[in-house]
Amino acid sequence: MKIYEKAPAKINLMLDVLHKRPDGYHEVEMIMTMVDLADRLEMKELPRDTIIISSQVGYIPLDEKNLAFQAAKLIKERYQVSKGVYIHLDKKIPVAAGLAGGSSDAAATLRGLNRLWDLNIPLEELQALGAELGSDVPFCVTGGTALATGRGEQLTPLPGPPQCWVILAKLPINVSTAEVYGRFRSDKIQKHPSARRMQEAIEQGSFPAVCSELGNVLEDVTLQMHPEVAQLRETMIRLGADGVLMSGSGPTVFGLVSKESKVARIYNGLRGFCKEVYAVRLLT
Ligand SMILES: C[C@@](CO)(OP(=O)(O)O)[C@H](O)COP(=O)(O)OP(=O)(O)OC[C@H]1O[C@@H](n2ccc(N)nc2=O)[C@H](O)[C@@H]1O
Ligand SMILES: Nc1ncnc2c1ncn2[C@@H]1O[C@H](COP(=O)(O)OP(=O)(O)O)[C@@H](O)[C@H]1O
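Each chain carries its own residue numbering, running from 1 in the direction its sequence is written. Chain letters and ligand numbers both follow the written order, the letters beginning at A and the numbers at 1. In view of the model being predicted, local features appear only for residues whose pLDDT reaches at least 70, and side-chain atom pairs are presented and counted only at 80 or more, with totals across whole chains, interfaces and linings using the full set of residues.

**Here we look at helix H9 (residues 227-238)**
Definition in use: Put simply, DSSP H or I for four residues or longer makes a helix, DSSP E for two residues or longer makes a strand, and each gets a number counted from the N terminus. Each residue after the first adds 1.5 Å to the expected span of a helix. Using C-beta atoms placed from the backbone, we call a residue buried if 20 or more other C-beta atoms fall within 10 Å of its own, exposed if 12 or fewer do, and partly exposed for counts in between. Directions pointing from the helix axis toward each C-beta atom define the arc. Contact definition: two residues whose C-beta atoms, as placed from backbone geometry, lie within 7 Å.
For H9, built from 12 residues, the straight-helix expectation of 16 Å at 1.5 Å per residue is met to within 8% by its first-to-last C-alpha distance of 17 Å. Residues of H9 that are buried: Val229, Leu232, Arg233, Thr235 and Met236. In an axial view of H9, the angular spread of the buried residues amounts to 160 degrees, which keeps them on one side of the axis. Among the exposed residues of H9, those oriented more than 90 degrees off its buried face are Pro227, Glu234 and Arg238. Packed against the buried residues of H9 are strand S7 (165-170), helix H8 (219-225), strand S9 (243-246), strand S10 (253-257) and helix H10 (260-271). One or two residues past the end of H9 sits Gly240, with phi positive at roughly 105 degrees.

**Observations concerning the environment of Gly134**
Tracing the backbone through its elements, the reader meets Gly134 in the loop between helix H3 (123-131) and helix H4 (137-142). Looking at Gly134, the number of C-beta atoms within 10 Å reads 22, which means it is buried. Taking C-alpha positions, Gly134 is 26 Å from Ile189, a pair spaced 55 residues apart along the chain. With residues up to four places along the chain from it excluded, the contact list for Gly134 reads Leu67, Ser103 and Ala106.

**Description of the site of ligand 1**
Here is the rule: Using the backbone to place each C-beta atom, any residue with that atom within 6 Å of a molecule or strand is considered near it. Note that the domain bounds were set by an automatic or database domain assignment.
In the vicinity of ligand 1, 19 residues are found, and the nearest of them are Gly134, Ser135, Tyr181, Gly248 and Ser249. Of all the elements in the fold, those that place two or more residues in the shell around ligand 1 are strand S1 (2-20), strand S2 (26-46) and helix H5 (177-183). Here the shell around ligand 1 gathers at least three residues from each of two domains, domain 1 (2-158) and domain 2 (165-281).

**Describing the sheet that holds S10**
Note the following rule: Between any two strands, at least two bridges found by DSSP are needed for them to pair. For every element, the axis is a line fit to its C-alpha atoms; helices are fit only across the contacting stretch, and the angle between N-to-C directions ranges from 0 to 180 degrees.
Taken in spatial order, the four strands of this open sheet run S9-S10-S7-S11, and their pairing is antiparallel. In this open sheet, the two edge strands, each paired with only one partner strand, are S9 and strand S11 (276-281). In this sheet, neighbouring strand axes are inclined to one another by 20 degrees on average, regardless of whether the strands run parallel or antiparallel. One ladder, built from five bridges, connects S7 with S10; its direction is antiparallel. When the sheet's bridge partners are listed, Trp165 is paired in S10 with Val257.

**Some remarks on the UniProt feature "active site" (unreviewed entry) in the protein chain**
To keep things clear, this is the line we draw: UniProt positions are given in the numbering used here, feature names are shortened, and annotations may be inferred rather than shown by experiment.
Look at the UniProt record and you will see "active site" (unreviewed entry) annotated at Lys10 and Asp136. Over a stretch of 127 residues, the named residues converge on one spot in the fold, their C-alpha atoms separated by at most 9.3 Å. Examined against the element boundaries, Lys10 turns out to sit in strand S1. Residue class for Lys10 comes out buried when judged on the 28 C-beta atoms lying within 10 Å of it. Beyond its immediate chain neighbours, meaning those up to four positions away, Lys10 contacts Met32, Thr33, Met34, Leu99, Ala100, Ser104, Asp136, Phe139 and Cys140.

Written out as structure tokens, the structure reads:
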């Protein structure tokens, strides 16, 4: 039997870091939502007790470093499954981009193997398994829109933000999430974004309020390391995006745009100096 799962990318509409915890992680407050840019996973049962990963791209690990491999291994061990699985990752989400591509692949693997092997694991249990793989994986298990606290694994579902276009632009720069958190200094923060005000903006369905509440305290860290990301951000504002922010630890910058008539102009303007540009819708 063969099954398919979609693994969409996430963006952080706001991200605040409260403090560093004794376990080395940072306590965060984030509002995350999914966009219609997704990897596609094909999963096929194998009679042998093995996990095989393939992909059409050559720049991700295909061994135990792959998050889909780790998810399959975890579920097999925890639920004593002796069958194997072949997983093909059709990668569409840019890698190490702040869009949680690997985390979403891990979450899709958990959902997919739950179906493939009729394990009937409840969603909350899948999320708890996901938390063992990465801070963003529990959110990716259910998707939608949520307030994430703790190290990102404690989730409160929210309604979807008002529908709009999302223009994503990623320069060919690799950013390590651990390094960005490592360089973060809370005393350097001028203004903290507010989860409460972003939540209100979403609940009111106010697109202008969502745009004005966008904020990410990791942005300054990545922009200082890579000034070209700051230029990209400025260009997106100049081209007329209604709200602009870096997603997660970056380097992807996204622009929210309400009018379809503006999308082509912004997209084409960005393509001038950034090869990877996507114009997608929110997954509400
Ligand atoms: C910044 C965010 C925002 O959504 O996303 P990305 O930019 O990675 O997409 C997340 O907090 C990233 O989540 P994720 O990528 O799953 O991180 P993990 O694998 O759990 O952790 C990678 C490393 O980041 C640091 N880390 C991560 C989460 C957190 N709350 N505090 C941290 O300090 C730790 O150094 C950890 O070793
Ligand atoms: N299935 C996967 N897809 C993409 N990257 C993966 C995957 N599994 C492991 N990785 C590794 O995880 C790292 C972070 O990738 P990714 O999840 O795309 O970043 P981010 O969390 O910044 O969005 C990369 O260095 C990549 O090599």
